[in-house]
Amino acid sequence: MIQNYEIITLCGSTLFKEQYVDIQKKLTLEGYIVISIGGYIGESTKQELAYAIKTRKKVNYMES
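Remember, predicted model here, so these are calculated numbers, not experimental data.

Let's talk about the environment of valine 21
Item 1. Within the fold, valine 21 resides in helix H1 (residues 17-29).
Item 2. Spatially, the C-alpha atoms of valine 21 and serine 36 are 8.4 Å apart, while their sequence positions differ by 15 residues.

Remarks on the pattern of salt bridges
Item 1. Tallying each qualifying case throughout the model produces 1 salt bridge.
Item 2. As a salt-bridge pair, glutamate 30 and lysine 26 come within 2.7 Å of each other at their nearest N and O atoms.
Item 3. Its relative accessible area of 46% is what places glutamate 30 among the partly exposed residues.
Item 4. You can call lysine 26 partly exposed: its relative accessible area is 43%.

Observations regarding a nonpolar patch on the surface
Item 1. Nonpolar side chains collect at one region of the surface, where Tyr5, Ile7, Ile33 and Ile35 lie side by side and expose about 390 Å² of accessible area between them.
Item 2. Mapped onto the fold, isoleucine 33 is located in strand E2 (residues 33-35).

Observations regarding the environment of isoleucine 8
Item 1. Structurally, isoleucine 8 can be placed in strand E1 (residues 7-9).
Item 2. Measuring from C-alpha to C-alpha, the distance between isoleucine 8 and glutamine 24 comes to 9.2 Å, with 16 residues separating the pair along the chain.
Item 3. In this structure, isoleucine 8 is in contact with Leu27, Tyr32, Ile33, Val34 and Ile35, ignoring residues within four places of it in sequence.

Here we look at unusual backbone geometry
Item 1. One non-glycine residue, arginine 56, adopts positive backbone phi at about 60°.
Item 2. Within the secondary structure, arginine 56 is located in the segment after helix H2 (44-54).
Item 3. When its relative accessible area of 79% is taken as the criterion, arginine 56 is described as exposed.

Considering H1
Item 1. End to end, H1 covers 18 Å across 13 residues, agreeing with the expected 18 Å (1.5 Å per residue, within 8%).
Item 2. A positive phi of about 100° marks glycine 31, the residue just after H1.

Definitions and cut-offs
Residues numbered from 1 in each chain as written. Predicted model: local features only at pLDDT ≥ 70, side-chain atom pairs only at ≥ 80, totals over all residues. Heavy atoms only, no water. Helix = DSSP H or I, 4+ residues; strand = E, 2+ residues; numbered from the N terminus. Salt bridge = Lys/Arg side-chain N within 4 Å of Asp/Glu carboxyl O. Buried < 20%, exposed > 50% of the residue type's maximum accessible area, 1.4 Å probe, protein only. Patch = residues over 30% accessible without salt bridge, like charges linked within 9 Å, V, L, I, M, F, W, Y side chains within 5 Å. Areas by Shrake-Rupley, 256 points an atom, 1.4 Å probe, with all protein chains shown as cover. Contact = heavy atoms within 4.5 Å. Expected span 1.5 Å × (residues − 1).

Shown next as structure tokens:
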């Protein structure tokens, strides 16, 4: 049987790499496909969030 897996994209500053690793592991164990950060992400993060909001995707924010 083939299942439909929900895909989650993590984006933001690589300054929080440890937090990304933690949340990626948690979400993967919950059965999600997780696309995570890689390398530097700057101004493009705003564009990614704007696109997600425009297409009515669920957006969660993490703060430290």
